[in-house]
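Spelled out, the chains give:
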Amino acid sequence: MKQSPDYLLRQVAGKIVLVPVGRAARTFPGMVDLNAVGKFIWEQLREEQTLQSLVTAITDRYEVDPKRAEADARAFIERLQSVGAVTE
């Protein structure tokens, strides 16, 4: 999986968000709020990633149990997929 070019990372009113552009703006009229870990995952998705490679990156960067990191990363990726922010 990888970032969709139809979403841009921006800071809006002190929040970190993904903003849809182009085709995505016509189908998703909102923004996706990100916390620090979500921003980290998004940045990792500049390059092709697997769920396992994301979990490894998260556990290398943050003090978190690998099972918790996997569950949270999976849920976040599913959210990104639901709005078209991640391509397979």
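Refer to the structure presented above.
Residues numbered from 1 in each chain as written. Predicted model: local features only at pLDDT ≥ 70, side-chain atom pairs only at ≥ 80, totals over all residues. Heavy atoms only, no water.

**Some thoughts on the layout of surface pockets**
- Considered as a void within the structure, the largest pocket measures approximately 180 Å³ in volume.
- Looking at the largest pocket, the residues that line it are Asn35, Val37, Gly38, Ile41, Ile58, Tyr62, Val64, Ala69, Asp72, Ala73 and Phe76.
- When contributions to the lining of the largest pocket are tallied by element, the ones reaching two or more residues are helix H2 (36-44) and helix H4 (66-82).
- At four residues, the largest contribution of residues to the lining of the largest pocket is made by H4.
- Residue composition of the lining of the largest pocket, grouped by class: eight nonpolar, two polar and one charged. (1 Å grid on protein atoms, 1.4 Å probe; cavity = no way out; pocket = protein on both sides within 12 Å on 5 of 7 lines; lining within 4 Å. Points joined across faces, edges and corners; volume = space filled by probe spheres on them. Helix = DSSP H or I, 4+ residues; strand = E, 2+ residues; numbered from the N terminus. Nonpolar A, V, L, I, M, F, W, Y, C, P; charged D, E, K, R; others polar.)

**Describing helix H3 (residues 51-61)**
- Inspection of H3 places Leu51, Leu54, Val55, Ala57 and Ile58 among the buried residues, and these make up the whole buried set. Projected onto a plane normal to the axis of H3, the buried residues spread over an arc of 165° and lie on a single side.
- In the core, the buried residues of H3 are packed alongside H2 and H4. (Buried < 20%, exposed > 50% of the residue type's maximum accessible area, 1.4 Å probe, protein only. Arc of directions from axis to C-beta. Contact = heavy atoms within 4.5 Å.)

**Here's the deal with the packing of H2 against H4**
- Relative orientation of the contacting elements H2 and H4 amounts to 70°, with a least axis distance of 11 Å. Judged by the angle between their axes, H2 and H4 are roughly perpendicular. Like other packed secondary-structure pairs, H2 and H4 cross with a definite hand, here right-handed. Contacts between H2 and H4 involve Gly38, Ile41 and Trp42 from the first element and Ala73, Phe76, Ile77 and Leu80 from the second.
- By residue class, the composition of the contact of H2 with H4 is six nonpolar, one polar and no charged. (Axes fitted to C-alpha atoms, helices over the stretch in contact; angles between N-to-C directions. Parallel < 35°, antiparallel > 145°, perpendicular 65-115°, else oblique. Left-handed = near helix turned anticlockwise from the far one by under 90°.)

**Comments concerning the environment of Ala69**
- Structurally, Ala69 can be placed in helix H4.
- Among the residues examined, Ala69 registers a relative accessible area of 3% and is labelled buried.
- C-alpha of Ala69 to C-alpha of Ile58: the two residues are 11 residues apart in sequence and 6.8 Å apart in space.
- Not counting the four nearest positions on each side in its chain, Ala69 is found in contact with Val55, Ile58, Thr59 and Val64.

Function-wise, these values are silent; they only describe arrangement.
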